[in-house]
Amino acid sequence: MNAELPVVAVVGRPNVGKSTLVNRFVGRRAAIVEERPGVTRDRRELAAEWVGRGFRIVDTGGWLAEGEAGLTGEQSVLAAKVSAQAAEAVRIADLVLFVVDVTTGITDEDAQVARLLKQASTPVIVVVNKVDDERREVDIWEFQRLGLGEPMPLSAMHGRLSGELLDAVVAALPEPATEEDEAAKDAAAAIDDGIFNIAIVGRPNVGKSTLFNRLVGEDRSVVHDMPGTTRDAIDTVVETDDGPLRFVDTAGLRRKSRIDEPTEYYSLVRALEAIDRADAALLVIDATEGVTHQDQRLAERIDAAGTAVVIICNKWDLLDAEEREKVRRQVADMLGFLSYAPMIPISALSGRRVHQLLPALRASEDAYHQRIPTAALNRVLRDAQNAHPPPVVRRHRPRILYATQGATDPPTFTLFASRPLPPQYLRYLERRLRESFDLGPTPIKLRVRARTD
């Protein structure tokens, strides 16, 4: 996505329909929506386009009044962090959509948000949501008392008057520079920009968002010690000395049997989608708990997706020497099918050893894109067969006649054989290919095409 596209921030108190409006604008269910306050916690940027004009729309968590009754100490801290994310979205925006609820009128929280917006220099459109029919339109004029200009009616759920609002949004945006015109037209497709995508995945509360913030260099995701804080996938492009990387912070993955609310279900779906579209994954494990069966299931999903992977053991500084050795054995035993993946022990909170991640990711990126010359590939496979021939199956010994690399991302090889090759022999060949071509922390796919006669 072109970073120079204008930014539209959607803000307001909780449960006024901000995420529903965002989904309406981008034309898909990109933001998690549920009729309950506090579902959106991080700020999330998405591509949108209207009448050929592209922009980035930022969905934010709800602003909450300080000291709101009913919040516990932990909830109050989390609410403050969510509000800070919304304030940061306003700071970077070219236009703010302040969403209010026609069914409740002006609340104390609305008034507080309005005061904060008046202090900013960003243009604001007051969007009065849940105006589902003409009878409700007369009620929008109450919101002029917020002092932010003429309000606009909308039913985000039903799409009523959304075109008029989009017209107003495009009219209020700064004029695009000449060189940006083409990017604006292709805004929705520009996310596929060739940047290496890295999903940060793991169980809830293992330190993914803390690591994400450490890597991107800003408090982009809400970080708190309550499990389940991140409810969506958050993307950020980071410029490194070797080029850009896109990090995706995801919600923690639980077993499906423990997902007992719709919001957690959609968070799970987003996290799995992030794995499927990623080029690499940082699998974050809580070293103080060791490798769990859920970590193992998640690693299997990463392996099945054909995604390069680096295993991160977080909170390493909290272990003694004996506990560290135990975790290393667990990684080797329970995640043995990811034996090609490096294991890096870190402390995301202090930053210890986090500097080792970027070189490991670059190594995985190089391996992920690597293409092997056909002559060299067949020479290695010929030598491998001579050193260790395939086992005899039903009185016949298979032979690999020829091989070619059919694809990259990850490296995928097609082996033309006289007969099917047993799985254990394919694992041997994979190991020889890794050793010969330094394929490093990336999966390898071997496909066998055997004669049927």
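Everything in this summary refers to the structure shown in the same document.

Definitions and cut-offs
Residues numbered from 1 in each chain as written. Predicted model: local features only at pLDDT ≥ 70, side-chain atom pairs only at ≥ 80, totals over all residues. Heavy atoms only, no water. Salt bridge = Lys/Arg side-chain N within 4 Å of Asp/Glu carboxyl O. Helix = DSSP H or I, 4+ residues; strand = E, 2+ residues; numbered from the N terminus. Buried < 20%, exposed > 50% of the residue type's maximum accessible area, 1.4 Å probe, protein only. Contact = heavy atoms within 4.5 Å. Expected span 1.5 Å × (residues − 1). Phe/Tyr/Trp six-rings, centres within 6.5 Å; stacked < 30°, edge-to-face > 60°. Pairing = 2+ DSSP bridges. Axes fitted to C-alpha atoms, helices over the stretch in contact; angles between N-to-C directions. Polar contact = N/O pair within 3.5 Å; in protein donor to acceptor, adjacent residues only side chain to side chain. Core = buried A, V, L, I, M, F, W, Y, C linked by side-chain atoms within 4.5 Å. Parallel < 35°, antiparallel > 145°, perpendicular 65-115°, else oblique. Nonpolar A, V, L, I, M, F, W, Y, C, P; charged D, E, K, R; others polar. Left-handed = near helix turned anticlockwise from the far one by under 90°.

1. Details of the pattern of salt bridges
Piece 1. Scanning the entire structure with this criterion turns up 11 salt bridges.
Piece 2. Among the salt bridges present, the one from Asp110 reaches Arg13, with a minimum N-O distance of 3.0 Å. With Asp110 in helix α3 (residues 108–119) and Arg13 in the loop between β1 (7–11) and α1 (18–26), this pair connects stretches of sequence that are 97 residues apart.
Piece 3. The exposure class assigned to Arg13 is buried, which follows from its relative accessible area of 11%.

2. Things to note about the environment of Leu426
Piece 1. Inspection of the secondary structure puts Leu426 in helix α12 (residues 423–437).
Piece 2. Exposure remark for Leu426: the relative accessible area of 19% places this residue in the buried category.
Piece 3. Each C-alpha atom, one on Leu426 and one on Lys445, is 9.8 Å from the other, the two residues being 19 residues apart in sequence.
Piece 4. Setting aside its immediate chain neighbours within four residues, Leu426 contacts Leu415, Leu421, Leu446 and Val448.

3. So, helix α11 (residues 374–387)
Piece 1. Taking 1.5 Å of rise per residue, the 14 residues of α11 would be expected to cover 20 Å, and the 20 Å separating its terminal C-alpha atoms lies within 8% of that figure.
Piece 2. Taken together, the buried positions of α11 are occupied by Ala376, Leu377, Asn378, Val380, Leu381, Ala384 and Gln385.
Piece 3. Packing partners of the buried residues in α11 comprise β13 (400–407), β14 (412–417) and α12.

4. With respect to the packing of aromatic side chains
Piece 1. If you walk through the whole model with that rule in mind, you get 2 aromatic pairs.
Piece 2. Seen from their ring centres, Tyr402 and Phe416 are 6.3 Å apart, and the 40° between their planes marks the pair as tilted. In this pair, Tyr402 is assigned in strand β13 and Phe416 in strand β14, connecting sequence segments 14 residues apart.
Piece 3. Looking at Tyr402, the relative accessible area reads 42%, which means it is partly exposed.
Piece 4. For the pair Tyr425 and Tyr428, a centre-to-centre distance of 5.3 Å together with 45° between the ring planes defines the contact as tilted. Of this pair, Tyr425 and Tyr428 both sit in helix α12, 3 residues apart, which is roughly one turn of the helix. Assigned by exposure class, Tyr425 and Tyr428 land together as buried.

5. Side note on unusual backbone geometry
Piece 1. Residue Pro410 is bonded to the preceding Asp409 through a cis peptide linkage, with omega at 0°.
Piece 2. Positive phi, close to 65°, is recorded for Asn15, a residue that is not glycine.
Piece 3. Residue classification places Asn15 among the partly exposed positions, given a relative accessible area of 29%.
Piece 4. Residues other than glycine seldom take positive phi values, yet Leu161 does so here, at roughly 70°.

6. Remarks on the environment of Val10
Piece 1. On the secondary structure map, Val10 appears in strand β1.
Piece 2. A sequence separation of 80 residues divides Val10 from Val90, and the C-alpha atoms of the two residues are 8.5 Å apart.
Piece 3. The contact partners of Val10, leaving out residues within four places of it in the chain, are Lys18, Leu21, Val22, Ile57, Val58, Asp59, Thr60, Leu97 and Val99.

7. What about the sheet that holds strand β15 (residues 445–450)?
Piece 1. Taken in spatial order, the 3 strands of this open sheet run β13-β14-β15, and their pairing is mixed. The open sheet has two free edges, formed respectively by β13 and β15, since each of these has just one partner strand. This sheet shows a mean twist of 25° between the axes of neighbouring strands, independent of strand direction.
Piece 2. Taken together, the 6 bridges between β14 and β15 define a ladder with parallel strand orientation. Directly across from Phe416, in β15, lies its bridge partner Arg449.
Piece 3. The sheet strands contacting α12 are β13, β14 and β15, and the helix crosses β15 at an angle near 130°.

8. Topic: the pairing of β1
Piece 1. Judged by how many residues are buried, β1 sits mostly within the fold: 5 of 5 residues are covered.
Piece 2. Alternating residues of β1 divide into Val7, Ala9 and Val11 and Val8 and Val10, and every residue in both groups is buried.
Piece 3. Both β1 and strand β3 (residues 53–59) contribute to a ladder of 4 bridges, which runs parallel. Across the sheet, the residue bridging to Val10 is Asp59, located in β3.
Piece 4. Here 4 bridges tie β1 to strand β4 (residues 95–101), and the two strands are oriented parallel to one another.

9. Quick word on the side chain of Thr412
Piece 1. For Thr412, the location among the structural elements is in strand β14.
Piece 2. Classification of Thr412 as buried rests on a relative accessible area of 6%.
Piece 3. Looking at Thr412, its side chain comes within polar contact range of the main-chain oxygen of Pro410, at 3.0 Å.

10. So, the nonpolar core
Piece 1. Core analysis: the biggest nonpolar cluster contains 25 residues, and Leu211, Phe247, Leu282, Ile312 and Leu357 have the highest contact counts within it.
Piece 2. When residues of this core are traced back to their parent elements, those giving at least two are β7 (196–202), α6 (208–216), β9 (243–249), β10 (280–286), β11 (308–314) and α10 (357–369).
Piece 3. Ignoring any residue separated from it by four or fewer positions in sequence, one finds Ile312 in contact with Leu211, Leu282, Leu283, Val284, Ile285, Ile344, Ile346 and Leu357.
Piece 4. If you look at the next biggest cluster of nonpolar residues, it comprises 24 residues, including Ala281, Ile285, Val327 and Leu338.

11. Topic: the packing of α1 against helix α4 (residues 162–172)
Piece 1. α4 packs onto α1 with a crossing angle of 80° between their chain directions and a minimal axis gap of 11 Å. With respect to their mutual orientation, α1 and α4 come out roughly perpendicular. For the pair α1 and α4, the contacting residues are Leu21, Arg24 and Phe25 in the first and Ser162, Leu165, Leu166 and Val169 in the second.
Piece 2. When its residues are assigned to classes, the contact of α1 with α4 shows 5 nonpolar, 1 polar and 1 charged.

12. Brief notes about the packing of α11 against α12
Piece 1. Where α11 meets α12, the axes come as close as 10 Å, and the angle between the chain directions of the two elements is 130°. Viewed along their axes, α11 and α12 adopt a mutual orientation that is oblique. In the crossing of α11 with α12, the sense of the turn from one axis to the other is right-handed. Across the interface between the two elements, Ala376, Leu377, Val380, Leu381, Asp383, Ala384, Gln385 and Ala387 from α11 touch Tyr425, Tyr428, Leu429, Arg432, Leu433, Ser436 and Phe437 from α12.
Piece 2. Each residue belonging to the contact of α11 with α12 can be placed in one class, and the counts come to 11 nonpolar, 2 polar and 2 charged.

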